[in-house]
Number of protein chains: 4
Amino acid sequence: MGDLGRVPVGIVGASGYGGVQLVRLLMEHPGVELVYLGGESSAGKSFSDLYPHLGHRVDLKIEPLDLDTIANRCQAVFLSLPNGLAYQMAPTLVAKGCKVLDLSADYRFSNPETYQAWYGGERQDRELATTAVYGLPELYRDRIADAQLVGCAGCYPTASLLALSPLLKQGLVLPETAIIDAKSGTSGGGRQAKTNLLLAEADNTLGAYGVGGRHRHTPEIEQVCSDLAGHEVTVQFTPHLIPMVRGILATVYANLRDPGLVREDLITIFSAFYRASPFVKILPGGIYPQTKWACGTNLCYIGIEVDPRTDRVIVMSAIDNLIKGQAGQALQCLNLMLGMEETLGLPQLSFYP
Amino acid sequence: MGDLGRVPVGIVGASGYGGVQLVRLLMEHPGVELVYLGGESSAGKSFSDLYPHLGHRVDLKIEPLDLDTIANRCQAVFLSLPNGLAYQMAPTLVAKGCKVLDLSADYRFSNPETYQAWYGGERQDRELATTAVYGLPELYRDRIADAQLVGCAGCYPTASLLALSPLLKQGLVLPETAIIDAKSGTSGGGRQAKTNLLLAEADNTLGAYGVGGRHRHTPEIEQVCSDLAGHEVTVQFTPHLIPMVRGILATVYANLRDPGLVREDLITIFSAFYRASPFVKILPGGIYPQTKWACGTNLCYIGIEVDPRTDRVIVMSAIDNLIKGQAGQALQCLNLMLGMEETLGLPQLSFYP
Amino acid sequence: MGDLGRVPVGIVGASGYGGVQLVRLLMEHPGVELVYLGGESSAGKSFSDLYPHLGHRVDLKIEPLDLDTIANRCQAVFLSLPNGLAYQMAPTLVAKGCKVLDLSADYRFSNPETYQAWYGGERQDRELATTAVYGLPELYRDRIADAQLVGCAGCYPTASLLALSPLLKQGLVLPETAIIDAKSGTSGGGRQAKTNLLLAEADNTLGAYGVGGRHRHTPEIEQVCSDLAGHEVTVQFTPHLIPMVRGILATVYANLRDPGLVREDLITIFSAFYRASPFVKILPGGIYPQTKWACGTNLCYIGIEVDPRTDRVIVMSAIDNLIKGQAGQALQCLNLMLGMEETLGLPQLSFYP
Amino acid sequence: MGDLGRVPVGIVGASGYGGVQLVRLLMEHPGVELVYLGGESSAGKSFSDLYPHLGHRVDLKIEPLDLDTIANRCQAVFLSLPNGLAYQMAPTLVAKGCKVLDLSADYRFSNPETYQAWYGGERQDRELATTAVYGLPELYRDRIADAQLVGCAGCYPTASLLALSPLLKQGLVLPETAIIDAKSGTSGGGRQAKTNLLLAEADNTLGAYGVGGRHRHTPEIEQVCSDLAGHEVTVQFTPHLIPMVRGILATVYANLRDPGLVREDLITIFSAFYRASPFVKILPGGIYPQTKWACGTNLCYIGIEVDPRTDRVIVMSAIDNLIKGQAGQALQCLNLMLGMEETLGLPQLSFYP
């Protein structure tokens, strides 16, 4: 137990954007204390060498990865690493009693074949993997509260599923008509130097990628959609890179089963569905979300429209890809796992403009 | 006839973004000479008062609007005005023998009720309006060549229709499944001061507008789709505002009639469809267009993907909204109307990055 | 006295960017309660009509301006209006016992002729104006604590003066060599529709304005510089508009009196000068500030370099123009005026990237 | 001799931003023919693999570097490589009769010690290096016309020197008071993946680098300033990274020797100085340049202001860093070296906005 009764927590992979969001959020969280930062290539450095602007508040050093140290010092640990590394650490950490929140894809899939098909690798942790809970609190709040291992939802899946879930869960739409046209800022690509993410390349332009179901978030979205619909669901998911730093907008299309439903009906249904979800904000009729509204918060804004000419519903959901789409959601899960208030330490007011 | 055998042309509404593109393009066009700039609020000003960077090449003054003057001096005239003004000028100009290219919506609709329903106003020019040709050369090249009055296609319709036309014309998709998720830079809103288009508002963010068939480009797209399909077609069209100056990307989804078609089939079909269209570039398999590639050119880049899991085709088309989506296309129409080469004076190479 | 012993405060001019920052900051301030929003053109509207993303937290209506109402309900009031309006309200509000924090230029000048020369207008409040304190806490902390009327410092002056003050106060540089090359995001222009601030105009570009001492912040900077130096000082101030929403960087040049001073000396001197100033962060040698580090916070980051070849010191200061440069600074002043801790309710951690 | 009497030219290092600008410009140049593209890491690839948008016009392959091949096929060659490589190729190419235009720093310095001090390396080409001409046509037009080897001016030096030259050449200012506060888009960093140039890092922010005379362009600027002034000159040069792709603005300050000079005097002097320079545009009084005006062109826009309060002149110069600051300027030099018209094939009209 940390200072002042706070829960001691650690971060493995603190140098990336997920890491720095977590550090930022944990500094202001009243119930936990950040006691460990771990990394490989950055081990030995001060965190403020990587992010000088936090030098005045964070004086932790990045330590080399040692699972015993982590388990001894931390009651819970966030793994913020590239795919394929968490499953080499989580079994030991869990065995030593640590609560583990993985921000990679390693523990998101209930079917190990799906993971293997999309991410490869030879895993020895099948048994543990089946105990992992999908970290999207709005859908799996109770199971997360009881979990010791959470595979936090991806950024695109979070925005997509929050828009689709009420429709699928209540059978309001034909699942096979679902199309998710998603748009993300470039910070989703991480703090690694990639030519296509240079400002000189990615600014003033817009393009799709992973078109035709080739993006790895497709099976993740489909897994949850299938769970909600009660049968196998295939969706069309197309991500686009937008010339901005943060934010995801998912524009979701689906055909209504009952063409008599109007916009206000759906606003009522969505509002009821998310009544107990403090971070989902259903917008009034005629208001469509801007990603900027969610920036720097753990909120998801949802706007809903019905086109009576086509019998389609169009749902737009906006999140901050690095907070509700990543670090904030992980912290939301931790709050639940520790029995704290779900909203604790999570910002709900963006700065505008 | 102008200097050196060049065709004398004019621009009414030269102060906006459409106007300045036209001026820029006409300065380098070898077959025409810009002899007249007209405007209302800016009358009396030098063009370089509005756009100082062109002061070294353009020393024209904006003249007050006078239809006689225009018709006397110009063999062809571009009307680059807000909707609802061109139809007050075109009848006189046409009667006096001027070729008229209207960049507004006034002459885009074959059915006057559609125009009236979406744009309002009391028009007295129904007879003339029926002679207007829709200014999208890739579809109506021959009719444009013979026209005296052209209603140039809108920016979103251009990107959308170039992506959809081969599919509809050849009956490859189920028309009612067509969804156009379109994304535009903010210059599409023109050079008028609007709060929502301020950099402080529109940068770092992304949102949809006119959702559910409420955008005025919807009927324009549907008119042409219906023409191509041979029956009334309703499409889903959703525009989004992107934090960049120029460019439109349309991501178009539709269900294939024949699920046996593969990507390469469609690339072949599109390439054949646009064989005689020098500005449409069909990309090789696996390459998806970036709007920046088209910037500063009259090109439309088209990428095609098929998702065999969903039997959908996804077509992405990228244009410069102010050139192929506006001024360049108008000039392309003029080239055809004057019997010149279609590509004359129209840039085909962007600067990158 | 408001709810739970909180101090009731109001905002006049809540619809602009200064207003929305204040609303945002006050929502999370533990010592005050926002009880009044006033406006003219927006009177009668809900605040969430103007800023829908805050609808879930702010349900105040904009009320018409009535000085009696304000004074009755508010112990302190922020005036966030265009220049020339505050001085028509402040005399009444002060007379009724309200603490007044003006965010415009109206109460920034100790010499009424200077205000008159740069801003015009016929003022009847000279006596009151002489009691106003310049709202830059790092320089005038004690006087602000005792003031009833504060003329909060402008955005450029804040960045410029925090960089220059230690140098001038301690006579380290030749004042007449001071050059301030300042760069600001476009939100400094406010939420008014101006053509030159459109994204289409202001993105992808960079230019200076008000060159040669023509910007109104010049006399404001010079007034404080003269106060610090103990004699009349003229500085060179050149503002530039940068294609970004928020942030100001001031790059300040001056010739050292003592060419023997090295960078580390100056870092020591600056650190000492700002020892009691919790929002000023002096960076280690070789680290230069990014405006983004300060975004969403009330911080000012300062980097210092000496060029021994030219005997010049170069100081770079970065702030969020809407927080430390406007609303946050006003709240910092209010904290002092109310005897609360200076940092109360003011963010010190930005989100990055 | 190439097709149709065009001069055959080649590019070594075609994969970077300098290379792609050159390819783009050469495609539309009426007097030359691009016959060779060479590279190391990209050898064997199609140019359109690197830049798919040019696939419809450029079907050249990148060839491995072979100096004999280059000299046999090309009458002139552009070396667009990282610093330190050109001096290993130029001696052979020159010996074989090729005209060489180097875009790196290798041939910019008349004093080999200066190069060595700032760039390192062991060079064996001192004799050849002394024959190289500094590739800034506005200053060294005649010498360039006679040269066989040109070391093209850097991007910052081009903007800085075009602003400073008339002042120094004519002794109008005190050289030691010269301060260049320069701002550049991020494309200046090239097409190499660097973390600090990611959009996620470099967007929405602004910072200085190389402060205090530490940037390698400092000695390059000082060399030419000294040449113009007739004695050793030290200048203050501070580069900043701006959140945009292209463009440089240099804001240059200096104290006038004769405080009686007014703005119009200086406009006259600058206009005369650049009378024979078709790419330099001196703006009318009160107009300050925007970098966007120069984008996609080889122009340099210069605005001039005098501050009578401080006896300083402020000169602002705007260029496209990749055209006038790099590839366009190299082509301008080639035009001179080939005895062609200086402006041939070089764009003078930007697209706006």
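What counts and what doesn't
Residues numbered from 1 in each chain as written. Chains lettered and ligands numbered in written order. Predicted model: local features only at pLDDT ≥ 70, side-chain atom pairs only at ≥ 80, totals over all residues. Heavy atoms only, no water. Least-squares fit on C-alpha atoms with pLDDT ≥ 70 in both. Contact = heavy atoms within 4.5 Å. Buried area = accessible area lost by both parts, 1.4 Å probe. Salt bridge = Lys/Arg side-chain N within 4 Å of Asp/Glu carboxyl O. Polar contact = N/O pair within 3.5 Å; in protein donor to acceptor, adjacent residues only side chain to side chain. Helix = DSSP H or I, 4+ residues; strand = E, 2+ residues; numbered from the N terminus. Nonpolar A, V, L, I, M, F, W, Y, C, P; charged D, E, K, R; others polar. Pairing = 2+ DSSP bridges. Axes fitted to C-alpha atoms, helices over the stretch in contact; angles between N-to-C directions. Buried < 20%, exposed > 50% of the residue type's maximum accessible area, 1.4 Å probe, protein only. Phe/Tyr/Trp six-rings, centres within 6.5 Å; stacked < 30°, edge-to-face > 60°. Lys NZ or Arg CZ within 6 Å of the ring centre and 35° of its normal. Parallel < 35°, antiparallel > 145°, perpendicular 65-115°, else oblique. Left-handed = near helix turned anticlockwise from the far one by under 90°.

(A) Spatial organisation of the relation of the copies chain B and chain A. Its rotation angle being 180 degrees, the transformation that places chain B on chain A also includes 0.0 Å of axial translation and leaves an RMSD of 0.0 Å. Both copies of the chain, as the preceding transformation shows, are related through a two-fold rotation axis. Taking C-alpha positions as reference, the residue of chain B nearest the rotation axis is P243(B), located at 3.2 Å. Here 100% of the contact residues of chain B are again contact residues in chain A; the copies associate through an equivalent surface.

(B) Highlighting the relation of the copies chain A and chain D. Turning chain A through 180 degrees and shifting it by 0.0 Å along the axis lays it on chain D, with an RMSD of 0.0 Å. Taken together, the interface assignments show that 100% of the residues at the interface of chain A recur at the interface of chain D, consistent with an identical surface on both copies.

(C) Here's a closer look at the interface of chain B and chain A. If you look at the interface, chain B gives 51 residues, while chain A gives 51 residues. Interface area, chain B with chain A, both sides summed: about 3900 Å², of which 52% is carbon and sulfur. At the boundary of chain B with chain A, the tally comes to six salt bridges. For the pair chain B and chain A, the number of links is 40 residue pairs in polar contact (both at pLDDT 80 or more). By residue number, the principal contributor to the side of chain B that touches chain A is strand β8 (residues 179-184) of chain B, which donates four residues.

(D) Spotlight on the environment of N255(D). All names here are of chain D. Mapped onto the fold, N255 is located in strand β11 (residues 248-255). Distance from N255 to V306, taken between C-alpha atoms, is 9.7 Å for residues 51 residues apart in sequence. Leave out the neighbours within four places in its chain, and N255 touches L172, V173, L174, T177, T310, D311 and R312.

(E) Expanded view of the interface of chain A and chain D. Between chain A and chain D, the contact holds 20 residues from the first and 20 residues from the second. When the two sides are added together, the surface that chain A and chain D hide from each other amounts to roughly 1600 Å², 62% of it contributed by carbon and sulfur. Counting across the chain A and chain D interface gives two salt bridges. In this structure, E201(A) engages R191(D) in a salt bridge whose closest nitrogen and oxygen atoms are separated by 2.9 Å. At the junction of chain A and chain D, the tally comes to six residue pairs in polar contact (both at pLDDT 80 or more). At four residues, helix α9 (residues 199-202) of chain A tops the list of elements feeding residues into the side of chain A that touches chain D. Looking at the side of chain A that touches chain D, its residues break down into ten nonpolar, six polar and four charged.

(F) Region of the structure containing the sheet that holds β8(B). Residue and element names in this part refer to chain B. Taken together, the seven strands give an open sheet; going across it, the order is β9-β10-β8-β11-β14-β13-β12, and neighbouring strands pair in mixed fashion. At either end of the open sheet lies a strand with only one pairing partner, and these are β9 (207-208) and β12 (280-282). By the bridge criterion, two bridges tie β9 to strand β10 (residues 236-241) in an arrangement that is antiparallel. Opposite A208, over in β10, you have H240 as the bridge partner. In the packing of helix α8 (residues 155-169) onto the sheet, contacts are made with β8, β10, β11 (248-255), β12, β13 (300-307) and β14 (312-319), and the angle to β14 comes to roughly 140 degrees.

(G) Structural detail: the sheet that holds strand β6 (residues 133-135) of chain D. Residue and element names in this part refer to chain D. With parallel pairing, seven strands are arranged side by side in an open sheet as β3-β2-β1-β4-β5-β7-β6. If you trace the sheet from one side to the other, it starts and ends with β3 (62-63) and β6, each paired once. With four bridges joining them, strand β4 (residues 76-79) and strand β5 (residues 99-102) adopt parallel strand pairing. When the sheet's bridge partners are listed, F78 is paired in β5 with L101.

(H) Looking closely at the pairing of strand β13 (residues 300-307) of chain D. All names here are of chain D. For β13, the buried fraction is high: eight of the eight residues fall into the buried class. Here β13 shows two buried faces, one formed by C300, I302, I304 and V306 and the other by Y301, G303, E305 and D307. Judged from the three bridges that link them, strand β12 (residues 280-282) and β13 form a sheet pairing that is parallel. Looking at β13, one finds that V280 is bridged to C300.

(I) Spatial organisation of the packing of aromatic side chains. A full pass over the atoms with the stated rule returns 40 aromatic pairs over all chains. Relative to F237(D), the ring of Y156(D) has its centre 5.2 Å away and its plane inclined at 70 degrees; by these criteria the two rings are edge-to-face. Of the two residues, Y156(D) is situated in helix α8 (residues 155-169) and F237(D) in strand β10 (residues 236-241); the sequence distance between them amounts to 81 residues. Each of the two residues, Y156(D) as well as F237(D), counts as buried. On the numbers, 5.7 Å between centres and 75 degrees between planes, the contact of W293(D) with Y301(D) is edge-to-face. Here W293(D) and Y301(D) have matching classes, each one buried. Counting every residue linked through ring pairs, the aromatic cluster contains Y87(A), F109(A), Y115(A) and Y119(A). A cation sits over an aromatic face here: R123(B) above Y107(B), 5.0 Å from the ring centre.

(J) Here's a closer look at the packing of helix α1 (residues 17-27) of chain A against helix α13 (residues 323-337) of chain A. Residues and elements named next belong to chain A. Where α1 contacts α13, the two axes come as close as 9 Å, and the packing angle between them is 45 degrees. In this view, α1 runs oblique relative to α13, as classed from their interaxial angle. Read as a crossing pair, α1 and α13 show a hand that is right-handed. Note on element contacts: α13 touches α1 through I323, Q326, A327, G328 and L331, opposite Y17, G18, Q21, L22, L25 and L26.

(K) Geometry of the packing of α8(D) against helix α11 (residues 263-273) of chain D. Residues and elements named next belong to chain D. As a packed pair, α8 and α11 sit with axes 10 Å apart at the nearest point and diverge in direction by 100 degrees. The pairing of α8 with α11 is recorded here as roughly perpendicular in orientation. Residue-level contacts link L162, A163, S165, P166, L167 and K169 of α8 to L266, F270 and F273 of α11. In terms of residue class, the contact of α8 with α11 is built from seven nonpolar, one polar and one charged.

(L) Quick look at the side chain of T205(A). Mapping T205(A) onto the fold places it in the loop between α9 and β9 (207-208). Residue T205(A) is classed as buried on the basis of its relative accessible area, which comes to 2%. Engagement of the side chain of T205(A) in a polar contact is seen with the side chain of Q290(B), the distance being 2.9 Å. In this structure, T205(A) is in contact with L241(A), P243(A), M244(B), Q290(B), T291(B) and K292(B), ignoring residues within four places of it in sequence.

(M) Inspection of the pattern of salt bridges at higher detail. Following the criterion strictly, the structure yields 68 salt bridges over all chains and no others. For K183(B), the salt bridge goes to D181(A), with nearest N and O atoms at 2.9 Å. A residue pair is termed interchain when its members come from two chains, as with K183(B) in strand β8 and D181(A) in strand β8 (residues 179-184). Judged by relative accessible area, which is 0%, K183(B) ranks as buried. When its relative accessible area of 0% is taken as the criterion, D181(A) is described as buried. In this structure, R141(B) and E342(B) form a salt bridge, with 2.8 Å as the shortest nitrogen-oxygen distance. Here R141(B) is found in helix α7 (residues 137-146), whereas its partner E342(B) is found in the segment after α13 (323-337), with 201 residues between them in sequence.

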